[in-house]
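# Topology and contacts: notes
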Amino acid sequence: MSTVIPNPSIQAGAEILERILAARGNLIALEGGQEVGLIEQMRLLVRRSGQAIYLWNPENGLGNLREEHSGLPGSQRLNIALRYVQQSNHFGIYLLQRPPLPLAMGDATLLRQLARANTGHVRRIVLLDPPQTLVASFSDVMVRLSCQPVAAQRPRLRDGRWLL
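What comes next concerns the included structure. Because the structure is a prediction, the values reported are computed rather than measured. (Residues numbered from 1 in each chain as written. Predicted model: local features only at pLDDT ≥ 70, side-chain atom pairs only at ≥ 80, totals over all residues. Heavy atoms only, no water.)

### Side note on helix 5 (residues 105-116)
Compared with the 16 Å implied by 1.5 Å per residue over 12 residues, the 17 Å span of helix 5 between its first and last C-alpha is a close match. Every buried residue of helix 5 is listed here: D107, A108, L110, L111, L114 and A115. The buried residues of helix 5 all sit within an arc of 160° when viewed along its axis, so they share a single face. The inward-facing, buried residues of helix 5 abut strand 1 (27-31), helix 4 (78-87), strand 4 (92-97) and strand 5 (123-128). (Helix = DSSP H or I, 4+ residues; strand = E, 2+ residues; numbered from the N terminus. Expected span 1.5 Å × (residues − 1). Buried < 20%, exposed > 50% of the residue type's maximum accessible area, 1.4 Å probe, protein only. Arc of directions from axis to C-beta. Contact = heavy atoms within 4.5 Å.)

### Some words on the pairing of strand 4
With 6 of 6 residues buried, strand 4 is to be regarded as a mostly interior element. When strand 2 (residues 53-57) meets strand 4, the two strands line up parallel, connected through 4 bridges. By the bridge assignment, Y54 is partnered in strand 4 with Y94. Where strand 4 meets strand 5, 6 bridges bridge the pair, whose relative direction is parallel. (Pairing = 2+ DSSP bridges.)

### Describing the side chain of N26
Relative to the helices and strands, N26 is located in the loop between helix 1 (8-22) and strand 1. Residue N26 is classed as buried on the basis of its relative accessible area, which comes to 12%. Polar contacts involving the side chain of N26 include one to the main-chain carbonyl oxygen of L114, which spans 3.3 Å. For N26, the residues in contact, after removing those within four places along its chain, are L114, A115, A117, R123, R124 and I125. (Polar contact = N/O pair within 3.5 Å; in protein donor to acceptor, adjacent residues only side chain to side chain.)

### Description of the pattern of salt bridges
Counted by the stated rule, this structure contains 7 salt bridges. Residue R98 is joined to E59 by a salt bridge in which the shortest nitrogen-to-oxygen separation is 2.3 Å. Highlighted residues: R98 in the loop between strand 4 and helix 5 and E59 in the loop between strand 2 and strand 3 (61-64), separated in sequence by 39 residues. Residue classification places R98 among the partly exposed positions, given a relative accessible area of 42%. The salt bridge involving R116 is made with D140; its shortest N-O contact spans 3.5 Å. You can see R116 sitting in helix 5 and its partner D140 sitting in the loop between helix 6 (132-137) and strand 6 (142-146), a full 24 residues away along the chain. (Salt bridge = Lys/Arg side-chain N within 4 Å of Asp/Glu carboxyl O.)

Take it as geometry only, folks, not as evidence of what the structure does.
Set out below in structure tokens:
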């Protein structure tokens, strides 16, 4: 019998995915994604697990991370991709990379609507490494997360008691 040893990059991607799913809001600012190679980690995770994770960038538009070269035709504009997300009735995590700044009023309105949506299915919009101006303008509806691993606290014995 052989045991499969999990790939550390898949584990890191799975941990970040769990934090995204556990977030209280639908609009998330994820900082530090470029440093840890988040897109490639998520791509490996999606190919093994079958999760519905999508990536949008201005060059390629909206596409599933599983199929690298297929995407939604004509979705290079952010408002088209956001309308697609809004009309979707399925579970999905949508990673937005390099949104155009300043955001058009229609794009900002759609992002706010998606952030406040209370649907029965999980739908998260994740801004990858967003600029501070964008984070500040959505601070009332945005959850901030970091890709850096959370340092584990080791218990210490002090005066006969274990402390964290």
